[in-house]
Structures are given as structure tokens and as C-alpha cells.
Amino acid sequence: GGFCPVKFRLLIVDNFQIRRYGKVREGAGQRFYYGAIRNDWRVMTFSERDITRYLSPLGFMRNVGARLMNRRLVEAARNFRPDMILIGNCDYVSGATLDEIHRALPGVRIAHVNVDALWQEHTCRQIAARQNSCDGIFVTTAGEPLKTWVTGKNIVAYMPNPCDPAIDGNMPPENPCYDLFFAGCCAEDDERRALLEMLVSKLEGRARLGIFGCLSRPPVRGSAYEDALAGSAMGLNANRREGWKWYSSDRIVHLMGNGICTFLSARSGLQEFFKADAEAVFFSGAEDLLEKICYYMREKKECRTVALAGRKAYCRMFSAERVLRYLRELLFGVGYSDSYEWQQEVYGFDA
């Protein structure tokens, strides 16, 4: 025998979309689940919205279901006894519930992880609701806005969008179906609408455009979305607003993590992580983007080289297992085991 140390235990509370029956895009919670396994951690998931719906009388009395779900979350924490809890995109989990878990498990560290944009009111409300009941707040935007949620008793820090080879890691296609891929939902005031309209007007007929969910084109979901990704040579990672330090939606994981030559706004600051024109292609405006798309359509070998290098860089730096180790080390104050490229973006009592 000999002594066998107890595994580190992680509870992930997120929307695992069980009721979508496979018609989903896996989010950060699912990637963290796989990353925890790769770290040889003990891991449990708790799908907040699904459990709320399941416990709602008649299936629609959501306020009752939410109260019951919060009780079950406390019960799950008491039973599983996690060392760390990650609270994802969960509207129904209350601060009182997290306080109760803290009292029941004095050594636990609870963090809210949020991958949504900080210019959205809902995102800021959700973070503000967590700031007094969580030991850490981790968001996929860096810079001064993070100071907003520092209380003196927490850490607020940047976190990259994680990837994992169980979901990501495709190779660039040998014979792509689409030259350029973009999927998203563009509102009337969306900065991307004019950009996409210009690209369509200039490239329609010259390029195979896989544009989904905007410009009156139907969305693509589930396995059909994965098929479209796997068949794309290039992808546009355009956010509704640009200029927020290091921010990207998790679209960047879908593109770079899956071997797609990815176009990123030069205003994102992501040049600090990826070599321009070697691991990703940065554009400074609509005309610059169009010119670079046309260039890489012609230079297919170079396009593939950038895609492969970008995939390798993204999966090395931002793997879910590595991001999880960073969260753990920061929350428990044990010192970094690695030199994380983003580790300077921390605000709070130990920053």
C-alpha cells in the first residue's frame, strides 16, 4: 500500500445544457470538466438551469425551482466536499447559498468564471451579484474595468477562454468546404454587420462563404456547426465591440483551437499572445481585412501553416488543464507552478 494522497476536488456549477439533447456548443464549463480530469482531479458537475427546470412544479414555476435548486447545491457541496467551486453562467445561484457553502466547508474556495462581454449589463450584474460571496472573479477581459469588483476580500483577474482536445484540436482541412467561416447573431447596432455586408458584397462568387446566423442567413448548431468548422480554411473572430483588452468571445477557441486560420482585430491586444501573420492574422479595418482574406485565399499553403501554428500556440497556452492550475494556485495563494503569459492581470488583496 503506502500513503495515497487525497485528490484535489473540483465542483463545476454551470449550464451544461442537458435539455438541448446534443444540439449545443460546449462552453467553458465542459472544457474545465475535461481539464480537471487531465489534471488528475476529482470532479463533479452541477447543471444549474437543468436542475432548476427539473425541480420547478409543472415545469414552469421557475422561482420555486430556483429555491429548491439552491438547496440541492448546498447538499451537493456537503456531500462532495470540494476544495474549489467554479460558478459559471448561473443566474439562479444566490449569494446566500454560496455563503452557506462557505460556512459548511470553511476551507473551500469559490470563484465565479464569466466568459461574456463586460459591455453587457447582464454580465456586470451577474459579476456584481457574486463579488461579495466569491473568493475570486475571473473574466475573459483584462484591464482597468476589473477593479470595479474588488472588495478587499477577493481576487479579480483575467482568464483566457480555455480549450481542450476532447472538444477542440481538429487539423486544418485538406479540401475545405468554406474559404471563410463566421457564425454569430448580429443585432441592428452590431459593429460586425457593416463589416460582414462589405465582405459579402466583395467576396460573394469569388469565395465560398460559410456565414451563419446573421444577414438573414440561418444559424447552424450542434454537429452541423462542428461540420462547418471542420470544413473551413479561415475564420473571422469579430466581436460585437472591439478595443477591450484581450477580450474575445469563445469563438476564438472554436477557430484557433480547431486549426482554422483566424483573423483577429488588431484592437484586441492579442498580439501579446500570438505572433502576427505566423499564428494569427491581425487586421486594422475593413479594407485591410478584405486584402488579407484575398491574400490567404491565394496562398493556401501559407494559410495552412498559420492555422497549424495558431492551433499549437492556443492549445499550449490556454489549455483548460493549465488555466485550471492557474485558478487554483491564485485562489489558494500557493505560488505559480508555471509562468502564465497573462498572470500580471490580477487585482485584489494579493495582487
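Everything numeric here is computed off the predicted structure, so don't read it as measured data.

A. Representation of the overall build of the protein chain. In terms of helices and strands, the protein chain carries 11 helices and 12 strands. Against the compact-globule benchmark of 20 Å for 351 residues, the protein chain has a radius of gyration of 21 Å, which places it among compact chains. Projected onto its principal axes, the C-alpha positions of the protein chain cover 60 × 50 × 45 Å. Within the protein chain, buried positions represent 54% of all 351 residues.

B. Region of the structure containing the pairing of strand E2 (residues 42–47). Sheet analysis places strand E1 (residues 9–14) next to E2, joined by six bridges and oriented parallel. Counterpart to Val13 in the pairing with E2 is Phe46. With helix H1 (residues 28–38) bridging E1 and the parallel E2, this β-α-β connection has right-handed handedness.

C. A look at a positive patch on the surface. On the surface, Arg20, Lys23, Arg25 and Arg221 cluster together to form a positively charged patch. Of note, Lys23 is situated in the loop between E1 and H1.

D. Region of the structure containing the packing of aromatic side chains. A complete count under the given rule lists 23 aromatic pairs for this structure. Consider the rings of Tyr158 and Trp246, whose centres lie 5.0 Å apart with planes at 70°: the pair is edge-to-face. Of the two residues, Tyr158 sits in strand E6 (residues 155–158) while Trp246 sits in the loop between strand E9 (232–237) and helix H8 (251–256), which places them 88 residues apart along the sequence. Just as Tyr158 is buried, Trp246 falls in that class too. Centre to centre, the rings of Tyr340 and Trp342 are 5.4 Å apart; their planes meet at 45°, and the pair counts as tilted. For Tyr340, a relative accessible area of 2% corresponds to the buried category. Through a chain of ring-to-ring contacts, the aromatic side chains of Tyr158, Trp246, Phe273, Phe274, Tyr314, Phe318, Tyr326, Tyr336, Tyr340 and Trp342 assemble into a single cluster. Across the ring face of Phe8, the terminal group of Arg328 is positioned such that the distance to the ring centre comes to 3.9 Å.

E. Looking closely at helix H10 (residues 300–317). With 18 residues, H10 should reach 26 Å at 1.5 Å per residue; the first-to-last C-alpha distance of 26 Å fits that figure. For H10, every residue scored as buried is listed here: Cys303, Val306, Ala307, Gly310, Ala313, Tyr314 and Met317. Projection of H10 onto a plane perpendicular to its axis shows the buried side chains occupying an angular sector of 140°, all on one side. Opposite the buried face of H10, at more than 90 degrees from it, the exposed residues are Lys301, Lys312 and Arg316. The secondary structure elements touched by the buried residues of H10 are E9, H8, strand E10 (261–265), strand E11 (281–283), helix H9 (286–298) and helix H11 (320–332).

F. Spotlight on the packing of H9 against H10. Relative orientation of the contacting elements H9 and H10 amounts to 105°, with a least axis distance of 5 Å. Viewed along their axes, H9 and H10 adopt a mutual orientation that is roughly perpendicular. Within the contact between the two elements, H9 uses Tyr295, Tyr296, Met297 and Arg298 and H10 uses Lys300, Glu302, Cys303 and Val306. Residue composition of the contact of H9 with H10, by class: five nonpolar, no polar and three charged.

Calculation rules
Residues numbered from 1 in each chain as written. Predicted model: local features only at pLDDT ≥ 70, side-chain atom pairs only at ≥ 80, totals over all residues. Heavy atoms only, no water. Helix = DSSP H or I, 4+ residues; strand = E, 2+ residues; numbered from the N terminus. Rg over C-alpha atoms; globule rule 2.2 N^0.38 Å. Buried < 20%, exposed > 50% of the residue type's maximum accessible area, 1.4 Å probe, protein only. Pairing = 2+ DSSP bridges. Right-handed = clockwise from strand over helix to strand, strands pointing away. Patch = residues over 30% accessible without salt bridge, like charges linked within 9 Å, V, L, I, M, F, W, Y side chains within 5 Å. Areas by Shrake-Rupley, 256 points an atom, 1.4 Å probe, with all protein chains shown as cover. Salt bridge = Lys/Arg side-chain N within 4 Å of Asp/Glu carboxyl O. Lys, Arg positive; Asp, Glu negative; His and termini not counted. Charge placed at Lys NZ, Arg CZ, Asp CG, Glu CD. Phe/Tyr/Trp six-rings, centres within 6.5 Å; stacked < 30°, edge-to-face > 60°. Lys NZ or Arg CZ within 6 Å of the ring centre and 35° of its normal. Expected span 1.5 Å × (residues − 1). Arc of directions from axis to C-beta. Contact = heavy atoms within 4.5 Å. Axes fitted to C-alpha atoms, helices over the stretch in contact; angles between N-to-C directions. Parallel < 35°, antiparallel > 145°, perpendicular 65-115°, else oblique. Nonpolar A, V, L, I, M, F, W, Y, C, P; charged D, E, K, R; others polar.

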